[in-house]
Amino acid sequence: MALTLNHIFLAYGDKPVLEDISCVFPERGCVLLPGPSGCGKTTLLRLVAGLVAPDRGEVTGGGEVSFAFQEYRLFPSLTAAENIAVAASGQKKHLTDAEAMLLSLGFTKKETALYPAALSGGMKQRVSLARAFLRRAPILLLDEPFKELDAALIETVIRKIRKESEERLVILSAHSDAQAKILDAQVLPFFEK
């Protein structure tokens with residue numbers, strides 16, 4: 001059943017964040033939510049993930065999600081590859097898949113064994129993305145997936161997102177819709193000011 005938002009309203013205290021949002025998402029493909037910081041993009045992703053509930057309206061359909069948050073949420077005592085393996089499957093035994101995912105996102109074999117304290121912001125971002133990519137949920141949520149990445153790495157991540165969107169629904173937030181055409185993404189301009 002397609003993910004559907006029906007007249008969603010959500011406020012934090014007396015500040016409305018999502019006001020009368022309605023949308024039916026495709027079962028596969030890429031959907032981009034562009035807009036400035038603080039406009040509600042992350043809240044909408046958290047709503048789809050079931051982490052927050054609307055004050056009014058309802059979310060129906062969809063199913064399980066895999067989420068790459070803006071915050072990296074890495075375990076400090078695990079290597080880059082272990083962070084992916086444990087979070088994606090609950091076990092360290094999937095290290096080979098985790099390492100392969102990191103290699104596809106520009107890591108070297110040696111870098112896959114680094115701990116979070118030794119990783120740059122861009123590397124932590126790619127670990128977070130790799131963890132979300134590896135988890136095979138029908139909906140992939142990516143909150144600002146291009147932050148801290150240089151142009152070459154953005155191209156690598158865009159290729160990966162396009163491939164993922166052939167098999168499942170990918171919803172991502174970004175400050176602008178500049179990547180929409182490259183991603184072949186449907187743009188939902190709920191938050192553009």
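Above: the structure in question.
Quick look at the structure, then. This is a predicted model, so every value here is computed, not measured. All residue numbers refer to positions counted from 1 along the written sequence of the respective chain. pLDDT decides what is reported in this predicted model: residues at 70 or higher carry local features, side-chain atom pairs at 80 or more are listed and counted, and totals for whole chains, interfaces and linings draw on all residues regardless. Side-chain calculation: all heavy atoms of the structure are included, whereas hydrogens and water are not.

1. Notes on the packing of helix 4 (residues 121-134) against helix 5 (residues 151-165)
And then number 1: Here, axes are lines fitted to C-alpha atoms. For helices the fit covers the stretch in contact, and angles between N-to-C directions go from 0 to 180 degrees. Numbering of helices and strands runs from the N terminus, with a helix taken as a DSSP run of H or I at least four residues long and a strand as a DSSP run of E at least two residues long. The interhelical angle for the contact between helix 4 and helix 5, taken along N-to-C directions, is 10°, at an axis separation of 12 Å. When the axes of helix 4 and helix 5 are compared, the pair comes out roughly parallel. Residue-level inspection shows Arg-126, Leu-129 and Phe-133 of helix 4 in contact with helix 5, the latter providing Leu-153, Val-157, Lys-160, Ile-161 and Glu-164. If an angle is under 35 degrees, it is roughly parallel; if it is over 145, roughly antiparallel; if it lies from 65 to 115, roughly perpendicular; otherwise it is oblique. Residue contacts are counted whenever heavy atoms from the two residues lie within 4.5 Å of one another.

2. Some words on the side chain of Lys-160
And then number 1: Turning to its location among the elements, Lys-160 is positioned in helix 5.
And then number 2: With residues up to four places along the chain from it excluded, the contact list for Lys-160 reads Met-101 and Phe-133.

3. Concerning the nonpolar core
And then number 1: In terms of nonpolar packing, the biggest core is built from 36 residues, with Leu-142, Ile-161 and Leu-172 touching the most fellow members.
And then number 2: Ranked by the residues each element gives to this core, the list is headed by helix 4, at six residues.
And then number 3: Other than its neighbours up to four places away in sequence, Leu-142 contacts Leu-45, Ala-68, Leu-129, Ala-132, Phe-133, Ile-161, Val-170, Ile-171, Leu-172 and Ser-173.
And then number 4: Joining through side-chain atoms within 4.5 Å is the link that ties buried Ala, Val, Leu, Ile, Met, Phe, Trp, Tyr and Cys residues into a set, and such a set is a nonpolar core. Exposure categories follow from relative accessible area, calculated using a 1.4 Å probe and restricted to protein chains: below 20% of the type maximum is buried, above 50% is exposed, and the middle band is partly exposed. Residues Leu-3, Cys-23, Phe-69 and Ile-171 belong to the second largest nonpolar core, which totals 24 residues.

4. Structural notes on the sheet that holds strand 8 (residues 186-187)
And then number 1: DSSP bridges decide pairing: two strands pair if at least two such bridges lie between them. Strand order in the open sheet formed by five strands is 5-6-7-3-8, and the pairing between neighbours is parallel. On the outer flanks of this sheet lie strand 5 (65-68) and strand 8, each paired with one strand and no other.
And then number 2: Taken together, the six bridges between strand 3 (residues 29-34) and strand 7 (residues 169-174) define a ladder with parallel strand orientation. Across the sheet, Pro-34 pairs through a bridge with Ala-174, a residue of strand 7.
And then number 3: Where helix 1 (residues 41-48) meets the sheet, its contacts fall on strand 3, strand 5, strand 6 (139-143) and strand 7, and the angle it forms with strand 6 comes to roughly 155°.
And then number 4: In the packing of helix 5 onto the sheet, contacts are made with strand 3, strand 6 and strand 7, and the angle to strand 7 comes to roughly 145°.

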